[in-house]
Amino acid sequence: MSATWGKNFKVSIFGESHGSHIGIVIDGITPGVKIDFENILEEMGRRAPGKSNISTSRTEEDFPEIISGLFNGYTTGAPLTAIIKNKDHRSKDYSQLKDIMRPGHADYTSKIKYNAYNDYRGGGHFSGRITAPLVFAGAIAKQILQENGIYIASHILSVGNIKDDRFSEGTLSKEEFDKLKKKKLALLNSNKEDEIRELILKTKEEGDSLGGVVECAAIGIEAGIGDPFFDSVESVISSIVFSVPAVKGIEFGLGFDMSKMKGSEANDEFYFDDNKNVKTKTNHNGGINGGITNGMPVIFSAAIKPTSSIAKKQDTINIRTKENTQLELTGRHDPIIVPRVMVVLESVMAIAILDLIYGSRI
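Residues numbered from 1 in each chain as written. Predicted model: local features only at pLDDT ≥ 70, side-chain atom pairs only at ≥ 80, totals over all residues. Heavy atoms only, no water.

Brief notes about the packing of helix 3 (residues 131-147) against helix 8 (residues 338-360)
Angle between the axes and distance between the axes: these two values describe a pair of packed helices.
Thought 1: Following both chains from N to C, one finds helix 3 and helix 8 inclined at 50°, their axes separated by 7 Å at the closest point. It follows that helix 3 is oblique to helix 8 by the angle criterion. In terms of crossing hand, the pair formed by helix 3 and helix 8 is left-handed. Facing Thr131, Leu134, Val135, Ala137, Gly138, Ala141, Lys142, Ile144 and Leu145 of helix 3, the residues of helix 8 in contact are Val343, Val344, Glu346, Ser347, Val348, Ala350, Ile351, Ile353, Leu354, Ile357 and Tyr358.
Thought 2: Class assignment for the residues of the contact of helix 3 with helix 8 results in 15 nonpolar, three polar and two charged. (Axes fitted to C-alpha atoms, helices over the stretch in contact; angles between N-to-C directions. Helix = DSSP H or I, 4+ residues; strand = E, 2+ residues; numbered from the N terminus. Parallel < 35°, antiparallel > 145°, perpendicular 65-115°, else oblique. Left-handed = near helix turned anticlockwise from the far one by under 90°. Contact = heavy atoms within 4.5 Å. Nonpolar A, V, L, I, M, F, W, Y, C, P; charged D, E, K, R; others polar.)

Laid out in structure tokens, this is it:
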């Protein structure tokens, strides 16, 4: 099993959902980076469960303990390692699931892949719980990027069939990004909040779940980052975005909607602004041409599937008895993970961009 990503800014995750600890090792980090630990805790708090009635009631403090690579508040250049203790886990909730495969989860595929030696409690290493260490690494990557004038934020683009506005020139600023991060439901159009909240709570009462789309943007990236083909900006970001559980699709800029446009509509025309900086009149391509940043905001949208753990009865199999059966899950589950996954997507975007920037210096 490989749990390492990156070429220049490498991250290795470890642990299981109901194990004693989860954690991460960051390799390739620049020495002398001052770490703002309070900021890390703020970022991790955005992902942590138990914060509202539209998330799971499982509560985790998500307090990272840095055990190597940091001295007197600064990175040493050695691998930076952090561990997070799992506290609020109830493994008995999952005792019935040793042989009964949950639809939508990795229970069956992991059992086959690892000859039934996998930790099945709460999904084990396949759990979204393991995204907490990614947020830790992402918080550090964001701090490094912000020192270079690069800022990252996201918002809920849609929940079910309810759509928010897309990022536009007026919403792509550090000030607007800071406002989004303080919202309980990060929407550009706040008028949609009540409608979305009501839909989530209604679906929760029905014992079901919802999915949605998250739009993520990075501003302040200079032109010339990335490579064509295999190390394109799209390739690098996509590879780590698809490592986030529940992500089922990604598009850059207008993505699939560009297939409905003519070239004259889809092309982003260049111009010089008043300060002779190169800009484009539109940003349909999401700030990327030929796999390389063009200086405009880098924007992608990720499709998040509905939470697989639902209270409704579902058909499945008992892998031990080889019989068809039914499953009605109990326990604590999110009716939607979109609000909590936003900071994870921001984090992996920050990790990817920093990896690309570090690579461009070689």
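Read on, since the account is not over.
Some points on the pattern of salt bridges
Thought 1: Here the structure, examined in full by the defined rule, presents 20 salt bridges.
Thought 2: As a salt-bridge pair, Arg166 and Glu251 come within 3.4 Å of each other at their nearest N and O atoms. On the criterion of sequence distance, the pair formed by Arg166 in the loop between strand 9 (162-163) and helix 4 (174-182) and Glu251 in strand 11 (residues 247-252) is long-range, its members being 85 residues apart.
Thought 3: For Arg166, a relative accessible area of 28% gives the class partly exposed.
Thought 4: For Glu251, a relative accessible area of 17% puts it in the buried group.
Thought 5: One salt-bridge network, held together by shared partners, links Glu43, Arg46, Lys142 and Glu346. (Salt bridge = Lys/Arg side-chain N within 4 Å of Asp/Glu carboxyl O. Buried < 20%, exposed > 50% of the residue type's maximum accessible area, 1.4 Å probe, protein only.)

Notes on the UniProt feature "binding site: NADP(+)" (unreviewed entry) in the chain
Thought 1: According to UniProt, the "binding site: NADP(+)" (unreviewed entry) feature falls on Arg47.
Thought 2: Mapped onto the elements of the fold, Arg47 is located in helix 1 (residues 37-47).
Thought 3: Residues within four places of Arg47 in sequence aside, it is in contact with Asp62, Gly128, Arg129, Thr131, Ala132, Val135, Arg340, Val343 and Val344. (UniProt positions renumbered as here; feature names shortened; annotations may be inferred.)

Quick notes on helix 3
Thought 1: Helix length check: helix 3 (17 residues) gives 24 Å between terminal C-alpha atoms against 24 Å at 1.5 Å per residue, within 8%.
Thought 2: Positioned one or two residues after helix 3, Gly149 has a phi angle of 80°, which is positive. (Expected span 1.5 Å × (residues − 1).)

Focus: the pairing of strand 8 (residues 151-159)
Thought 1: The element strand 8 is extensively covered by neighbouring structure, given that eight of its nine residues are classed as buried.
Thought 2: Pairing of strand 8 with strand 10 (residues 212-219), which is carried by eight bridges, proceeds in the antiparallel orientation. When the bridges of strand 10 are listed, Tyr151 appears paired with Ile219.
Thought 3: Across two bridges, the pairing between strand 8 and strand 9 is antiparallel. Paired with Ser158 across the two strands is Lys163, which belongs to strand 9.
Thought 4: With antiparallel pairing between neighbouring strands as the criterion, strand 8 and strand 9 make up a hairpin whose turn holds two residues, including Gly160 at a positive phi of roughly 60°. (Pairing = 2+ DSSP bridges.)

Description of the UniProt feature "binding site: FMN" (unreviewed entry) in the chain
Thought 1: Here the UniProt feature "binding site: FMN" (unreviewed entry) sits at His125, Phe126, Ser127, Gly290, Lys305, Pro306, Thr307, Ser308, Ser309 and Arg332.
Thought 2: Assessed through its relative accessible area of 13%, Thr307 is described here as buried.
Thought 3: What Thr307 contacts, discounting residues up to four positions off in sequence, is Ser209, Leu210, Asp334, Pro335, Ile336 and Ile337.
Thought 4: Mapped onto the secondary structure, Ser309 falls in the loop between strand 16 (298-304) and strand 17 (314-318).
Thought 5: On the basis of relative accessibility, which here comes to 8%, the residue Ser309 falls in the buried class.
Thought 6: Other than its neighbours up to four places away in sequence, Ser309 contacts Arg102, His105, Leu329 and His333.
Thought 7: One polar contact links Ser309 to His105, side chain to side chain, over a distance of 2.8 Å. (Polar contact = N/O pair within 3.5 Å; in protein donor to acceptor, adjacent residues only side chain to side chain.)

Details of the environment of Pro49
Thought 1: Tracing the backbone through its elements, the reader meets Pro49 in the loop between helix 1 and strand 4 (64-68).
Thought 2: Sequence spacing of Pro49 and Glu61 is twelve residues, and the spatial spacing of their C-alpha atoms is 8.9 Å.

Things to note about unusual backbone geometry
Thought 1: Even without glycine at this site, Asn115 takes up a positive phi of about 55°.
Thought 2: Tracing the backbone through its elements, the reader meets Asn115 in the loop between helix 2 (107-113) and helix 3.
Thought 3: Look at Asn115 and you get exposed, because its relative accessible area is 58%.
Thought 4: Positive phi is not limited to glycine here, since Lys322 has a value of about 60°.
Thought 5: With respect to the helices and strands, the residue Lys322 is situated in the loop between strand 17 and strand 18 (323-327).

Structural notes on helix 6 (residues 233-241)
Thought 1: Those residues of helix 6 not exposed but buried are Val233, Val236, Ile237, Ser238, Ile240 and Val241.
Thought 2: As for helix 6, its buried residues are in contact with strand 1 (4-5), strand 11, strand 14 (288-289), strand 15 (292-293), strand 16 and helix 8.

Side note on the sheet that holds strand 2 (residues 10-15)
Thought 1: Ordered by their spatial adjacency, five strands build an open sheet running 1-2-3-7-4, and the pairing between neighbours is antiparallel. Taken across any chain shown, the strands that pair with only one partner, and hence form the sheet edges, are strand 1 and strand 4.
Thought 2: Pairing analysis gives four bridges linking strand 4 to strand 7 (residues 80-85), with the strands arranged antiparallel. Paired with Ile66 across the strands is Ala82, a residue of strand 7.
Thought 3: This element, helix 1, spans strand 4 and strand 7 of the sheet and lies at about 135° to strand 4.

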